[in-house]
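For reference, the chains in residue letters:
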Amino acid sequence: MSEFYDERETRSPEARERALMDALRAQVRHAKIHSPHYRETLADVDPDTLLSREALSALPVLYKSDLIDLQAKAPPLGGLATRPAADFKRLYLSPGPIAEPEAEHPHWRMERALWAAGFRSADIVMNTFAYHLTPAGFMFDHALAALGATVFPSGVGNTQTQASAIPVLGITGYVGTPDFLKAILEKGDEHGIETGTIARAMVTGGPLFPSLREFYAARGIAVRQCYGTAELGLIGYETEPGAGLVLDEDAVVEIVRPGTGDPVAPGEVGEVVVTTFNAAYPLIRFATGDLSAELDTPSSCGRTGRRLKGWMGRADQTTKVRGMFVHPRQVAAIVNRFARVHRARLVIDEDGGADKVLLKVEVADGDEALAAAVAEAIRTECRVRGDVAFVDPGSLPNDGKVIDDVRKLEA
């Protein structure tokens, strides 16, 4: 049996890019006709001109944080869907609240990640994600069923019952958060329950710390992690421990400077922006709010797709200064005013209980006139006054931070 889910995983990068751009043009064309939101926001976009990622980068970004407002104005799905809400298979409500629809299978495309983790039709899998309100349980349930595996829909909580089910049902696999399996296994140890049949696990929704991976390895459990969201489905998945995430074959993933739609260079940390090809619920340049960086080499597993370094924090660094909310997009707007400015980082500190605002600006030839102009831009864009400090190009940390709040806030 092949170690690859399908032949697309080993095609040439050029063939993959052609296929992605073909799918992108078709999705934009479809969305402009059938989605009220995209009919308006992409009104001036000619789908036939979307021949490259550079062309894609000119399209507007849809921020996850915007979904709440969109859905409040046009409930329940914000005008994004191409069909009435009643025509979807299921509707979910995640914290926010944010509504998410489920169309016909496959909707979230988790099969590829599970296959890479070694899940097969002979497996009996404990799915510990919730099956109510939010879609995580069904995201993996559908994918496991598509692989022919048997699912034990155990959901969250009750570690002793979960541990007891392992020998009774002959469970061989686990799906859930990285740390919950450890809690189940330790509960089994505490009560003398045999849990050694579990051989593989797919984890997501939290950090897989090296010590945790070592704990599972010592028990003979091969753990892989994947990255996705309720709206987008699968984004990337691990094929080798700690070797980054191979991107899904049915998504265009960009890394952009937080607060903008501008792609960054490979290796530079930025926000993950994704376009998928779900015809019922188009998401075009959807900003996840997560930080990552693109790795510039292919995986040694033989898959030829692009890779992400992994989850590296949150891009939504919004903070409040002197009673005003300050957003990464405002910092980006300041940078865009000045051709001489490369990057900037807004540092928020405090002195004697008073907020201090300092914009560190990468510029090769700063002068007093530029400093004054940037300071005025801070006041105009952020509605707070701040100081300006020039730093050498390339000297700001490569961590994706646009706003760095270093105040020691009281607990």
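Conventions and cut-offs
- Residues numbered from 1 in each chain as written.
- Predicted model: local features only at pLDDT ≥ 70, side-chain atom pairs only at ≥ 80, totals over all residues.
- Heavy atoms only, no water.
- Pairing = 2+ DSSP bridges.
- Helix = DSSP H or I, 4+ residues; strand = E, 2+ residues; numbered from the N terminus.
- Axes fitted to C-alpha atoms, helices over the stretch in contact; angles between N-to-C directions.
- Contact = heavy atoms within 4.5 Å.
- UniProt positions renumbered as here; feature names shortened; annotations may be inferred.
- Phe/Tyr/Trp six-rings, centres within 6.5 Å; stacked < 30°, edge-to-face > 60°.
- Buried < 20%, exposed > 50% of the residue type's maximum accessible area, 1.4 Å probe, protein only.
- Lys NZ or Arg CZ within 6 Å of the ring centre and 35° of its normal.
- Disulfide = S-S within 2.5 Å.

1. With respect to the sheet that holds strand β19 (residues 354-363)
- A sheet is described by the order of its strands in space; here four strands give the open sequence β20-β19-β18-β21, paired in mixed fashion. In this open sheet, the two edge strands, each paired with only one partner strand, are β20 (387-391) and β21 (403-405). Here the average twist between neighbouring strands, direction ignored, is 20°.
- When strand β18 (residues 341-351) meets β19, the two strands line up antiparallel, connected through nine bridges. Residue Ile 348 lies in a different strand from β19, and its bridge partner there is Val 357.
- Here helix α10 (residues 328-336) sits on the sheet and contacts β18, β19 and β21; the angle it forms with β18, its principal contact strand, is near 130°.
- Sheet strands touched by helix α11 (residues 368-382): β19 and β20. Its angle to β20, the strand with the most contacts, is close to 130°.

2. Some points on the UniProt feature "domain: AMP-dependent synthetase/ligase" (unreviewed entry) in the chain
- Summarizing the sequence annotation, UniProt attributes the feature "domain: AMP-dependent synthetase/ligase" (unreviewed entry) to residues 133-275 in the numbering used throughout.
- Overall, residues 133-275 shows 30% helix and 27% strand. The separation of its end C-alpha atoms is 25 Å.

3. Concerning the packing of aromatic side chains
- Across all of its chains, the model carries six aromatic pairs by this definition.
- On the numbers, 6.1 Å between centres and 65° between planes, the contact of Tyr 5 with Trp 115 is edge-to-face. With Tyr 5 in the segment before α1 (13-34) and Trp 115 in helix α5 (residues 111-116), this pair connects stretches of sequence that are 110 residues apart.
- Here Trp 115 falls in the buried class, since its relative accessible area comes to 13%.
- Relative to Phe 138, the ring of Tyr 92 has its centre 6.3 Å away and its plane inclined at 50°; by these criteria the two rings are tilted. One end of the pair, Tyr 92, is in strand β2 (residues 90-94); the other, Phe 138, is in helix α6 (residues 136-147), and 46 residues separate them in sequence.
- The exposure class assigned to Tyr 92 is buried, which follows from its relative accessible area of 6%.
- Through successive ring pairs, a cluster of aromatic residues spans Tyr 92, Trp 108, Tyr 131 and Phe 138.
- Here the basic side chain of Arg 120 rests over the ring of Trp 115, its NZ or CZ set 3.5 Å away from the ring centre.

4. Regarding the state of the cysteines
- Under the counting rule described, the total for this entry stands at zero disulfides.
- Cys 226 takes part in no disulfide bond, and the closest cysteine sulfur to it belongs to Cys 301, at a distance of 15 Å.
- In this structure Cys 226 comes out as buried when scored by relative accessible area, which is 7%.

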